[in-house]
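Coordinate inspection notes
This is what each chain is made of:
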2 protein chains.
Amino acid sequence: MKVGYLGPSGSFTHNAALKSFPNEDLLPFANITEVIKSYEEGLVDYAIVPVENSIEGSVHETSDYLFHQADIEAVVEIIQPIKQQLMATDSQKSIEKIFSHPQAIAQGKKFVKENYPDAKIELTASTAYAARFVAQNPNQPYAAIAPDAAAREYGLTVVAKDIQEIEENYTRFWVLGHEAQPIPLTQIDSKISLAFTLPDNLPGALYKALSVFAWRGIDLTKIESRPLKTVLGEYFFIIDFENHKEELVGYALEELSSLGIAYKILGQYDVYRI
Amino acid sequence: MKVGYLGPSGSFTHNAALKSFPNEDLLPFANITEVIKSYEEGLVDYAIVPVENSIEGSVHETSDYLFHQADIEAVVEIIQPIKQQLMATDSQKSIEKIFSHPQAIAQGKKFVKENYPDAKIELTASTAYAARFVAQNPNQPYAAIAPDAAAREYGLTVVAKDIQEIEENYTRFWVLGHEAQPIPLTQIDSKISLAFTLPDNLPGALYKALSVFAWRGIDLTKIESRPLKTVLGEYFFIIDFENHKEELVGYALEELSSLGIAYKILGQYDVYRI
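Analysis parameters
Within each chain, residues carry numbers counting from 1 in the order of the written sequence. By the order in which they are written, chains take letters starting at A while ligands take numbers starting at 1. Local features in a predicted model are, by the rule used here, given only for residues with pLDDT of at least 70; side-chain atom pairs are given and counted only at 80 or more, and totals for whole chains, interfaces and linings are based on all residues. Note that water and hydrogens are dropped before the side-chain values are worked out from all heavy atoms of the structure. Strand pairing is defined by DSSP finding a minimum of two bridges between the two strands. Numbering of helices and strands runs from the N terminus; a helix is a DSSP stretch of H or I covering at least four residues, while a strand is a stretch of E covering at least two. Orienting the strands away from the viewer, one traces the path from the first strand over the helix to the second; a clockwise path indicates a right-handed crossover. In this description, contact between two residues means that some pair of their heavy atoms is separated by no more than 4.5 Å. Here the quantity called buried area is the accessible surface, traced with a 1.4 Å probe, that two parts lose on coming together, added over both. We define a salt bridge as a contact between a side-chain nitrogen of Lys or Arg and a carboxyl oxygen of Asp or Glu at a distance within 4 Å. Throughout this description, a polar contact denotes any pair of N or O atoms lying within 3.5 Å of each other; where both atoms belong to protein, one of them has to be capable of donating a hydrogen while the other can accept it, and for residues adjacent in sequence the pair is counted only when both atoms sit in side chains. Working convention: axes come from line fits to C-alpha atoms, limited for helices to the stretch in contact. Angles between N-to-C directions cover 0 to 180 degrees. Crossing handedness follows the turn of the near helix against the far one: under a right angle anticlockwise gives a left-handed crossing, and clockwise gives a right-handed one. Note on classification: 1.4 Å probe, protein chains only; a residue is buried when its accessible area is under 20% of the maximum for its type, exposed when over 50%, partly exposed between these limits. UniProt positions are given in the numbering used here, feature names are shortened, and annotations may be inferred rather than shown by experiment. Relative orientations are named as follows: roughly parallel for angles under 35 degrees, roughly antiparallel for angles over 145 degrees, roughly perpendicular for angles from 65 to 115 degrees, and oblique for any other angle. Side-chain classes are defined by residue name, with Ala, Val, Leu, Ile, Met, Phe, Trp, Tyr, Cys and Pro counting as nonpolar, Asp, Glu, Lys and Arg as charged, and the others, Gly among them, as polar.

Time to look at the pairing of strand S2 (residues 25–29) of chain A. Residue and element names in this part refer to chain A. As paired strands, strand S1 (residues 2–6) and S2 are joined by 5 bridges and run parallel to one another. Residue Leu-6 lies in a different strand from S2, and its bridge partner there is Phe-29. Regarding topology, helix H1 (residues 12–20) serves as the crossover connection from S1 to the parallel S2, and that connection is right-handed.

In structure tokens:
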């Protein structure tokens, strides 16, 4: 079986893929859209992408693409703790430039400010790219902020361990596909993610949409608004809720439709923890 | 009077600052946090930062800083149409690398894919930095995606005009300070932005928080959740609502407090359009 993931090798998504599909053929893709497209084009059987980080928030590229374009659903969710390492080549004594993805830079901001106040920060498309670039330029005073897996993958030495600002740092990953798949991890929950738009002619429409769930005691675990990309002030909404009472959830969705609220199910998935 | 803005010269925020404070002393700062700090440290009388784009969504650095750290409020909102230009030095015949801010890159993605499929994309901290960097390297095959103002500021030539994907592209800017200020633009609305957290012991707490406004017919124009940066699944919420019925708004806020919902007013402002 083939599984696409947000690469390159050594990325956090790669680690999530290794832990959930240890015996399958894992293929890296350059960005989130390419990962999802690889599934749509039949190149892979499942596609793994990040969806939310506990500090930086939602990964908009994932939710926007799933809402606007994709015909694919999350069938598994994986929660992974995120730890960031500062790494450089073995011979490197001074660090003048630090490369990483904007989210990892944000997570290591405090450490860098205290320990390398004069270092220049350079943004890269992923933490793993940063590690690879540093490995490819061993004679430059460069370092990268990236996961352990990237240090192993590109032969770098960890200069400072676990530099992330907040200990409680987790990322949610979605396995996209059409059928749930047994995963060798511990299951901790079961959820549904839904995107919906509100009809113009329904005053207090968002409140009514949420009523549908509140009346039935269905717990929302997340709500988010994203621009519809039409005019300023027009949004679609994403809600996550517990899928513990399947019959009640069915009624809630029927009632949403009868209110004239159009929705798209982004995923119905068991949640696992690494 | 001194007004700080998200620089450098030639940025969209610079243009918003010029239009709203045409006769004042405008000072650029390197990032959003520095702009807000310049106000907190008494270096400026007002600070102007972007808060939301109609395509890319909220500017999290602004709302997170205002919620977590700042003691400052939005007193004016400015809505500005965003148009992106591809620009290079006059002598440049080939374009192999395109520099810009991630949001501008996203907005020009389709144009770049169709017209410069082989160009490498390099991310910069702002569109204006991209323009300045391209101007500083006239012998390289470089181009930048940036606003007209940046082409003027750094002497670049617009190679392709209005390359943004969607015509309806607007950004909201906030003028932060302590007192409303007359602005030489057309006023179109009056709003309040509020951030709140929900008490653990209140089932259906988000629903109840929204009820406070829905019952009174106070129209929400936006709702958003942001991670509290504690554990995954803990959020604070930002709502924008129309400030047309001041007495009702007062009662709504009292009721929020009596439900045990802690809130912070991020801004109470008239909205102007460029």
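This is not the end of the story, as more comes after the structure.
Attention shifts here to the interface of chain B and chain A. Each side of the interface is counted separately: chain B has 34 residues, and chain A has 34 residues. In this assembly, chain B packs against chain A so that about 3,000 Å² is buried in total across both faces, 59% of it on carbon and sulfur atoms. At the boundary of chain B and chain A, one finds 0 salt bridges. Put simply, chain B and chain A have 10 residue pairs in polar contact (both at pLDDT 80 or more) between them. Looking at the side of chain B that touches chain A, the elements that each hand over two or more residues are strand S3 (46–53), strand S11 (170–177), helix H8 (205–214), strand S13 (220–227) and strand S14 (235–242) of chain B. It is S13(B) that contributes the most residues to the side of chain B that touches chain A, 7 residues altogether.

Next up on the list: the packing of helix H2 (residues 32–40) of chain A against helix H3 (residues 60–68) of chain A. Axis angle and axis distance: for two packed helices, these are the angle between their axes and the distance between the axes, and together they describe the pair. All names here are of chain A. In contact at an axis separation of 9 Å, H2 and H3 are set at 35 degrees when each is read in the N-to-C sense. Here H2 runs over H3; the crossing is right-handed. Contacts between H2 and H3 involve Ile-32, Thr-33, Ile-36, Lys-37 and Glu-40 on the former and, on the latter, Glu-61, Thr-62, Tyr-65 and Leu-66.

On to unusual backbone geometry, then. The linkage connecting Gly7(A) with the following residue, Pro8(A), adopts the cis geometry, with an omega of 0 degrees. Within the secondary structure, Pro8(A) sits in the loop between S1 and H1. Here Asp162(B), not a glycine, exhibits a phi torsion of approximately 50 degrees, which is positive. By secondary structure assignment, the location of Asp162(B) is in the loop between strand S10 (157–160) and S11. Residue class for Asp162(B) comes out partly exposed when judged on its relative accessible area of 28%. You will see that Lys229(B), though not glycine, has its phi angle at about 70 degrees, which is positive. Note on placement: Lys229(B) falls in the loop between S13 and S14. Owing to a relative accessible area of 22%, Lys229(B) belongs among the partly exposed residues under this scheme.

It is worth spelling out the side chain of Asp240(A) at this point. Residues and elements named next belong to chain A. Examined against the element boundaries, Asp-240 turns out to sit in strand S14 (residues 235–242). Among the polar contacts made by the side chain of Asp-240, one reaches the side chain of Arg-172 at a distance of 2.9 Å. If sequence neighbours within four positions are ignored, Asp-240 has contacts with Arg-172, Lys-191, Ile-192, Ser-193, Asp-219, Leu-220, Thr-221, Lys-222 and Tyr-269.

On to the UniProt feature "domain: Prephenate dehydratase" (unreviewed entry) in chain A. Per the UniProt record, the feature "domain: Prephenate dehydratase" (unreviewed entry) sits at residues 2–178 of chain A. For residues 2–178 of chain A, the helix share is 32%, the strand share is 33%, and the end-to-end C-alpha distance is 14 Å.

Residue and element names in this part refer to chain A. Here 5 strands make up an open sheet; going across it, the order is S8-S7-S9-S6-S10 and the pairing mixed. Two strands lie at the open edges of the sheet, namely strand S8 (120–123) and strand S10 (157–160), each paired on one side alone. Neighbour-to-neighbour, the strand axes of the sheet open up by a mean angle of 35 degrees, direction not taken into account. Of the pairings in the sheet, the one linking strand S7 (residues 97–100) to S8 comprises 4 bridges and is parallel in character. Following the sheet pairing, Ser-100 is matched in S8 by Leu-123. Relative to strand S9 (residues 142–146), helix H6 (residues 127–136) is tilted by about 155 degrees, and along the sheet it contacts strand S6 (85–88), S7 and S9.

This brings us to the packing of H8(B) against helix H9 (residues 246–258) of chain B. Residues and elements named next belong to chain B. Relative orientation of the contacting elements H8 and H9 amounts to 160 degrees, with a least axis distance of 9 Å. With respect to H9, the axis of H8 lies roughly antiparallel. The crossing of H8 and H9 is right-handed. On H9, the residues touching Ala-209, Val-212 and Phe-213 of H8 are Ala-252, Glu-255 and Leu-256. By residue class, the composition of the contact of H8 with H9 is 5 nonpolar, no polar and 1 charged.

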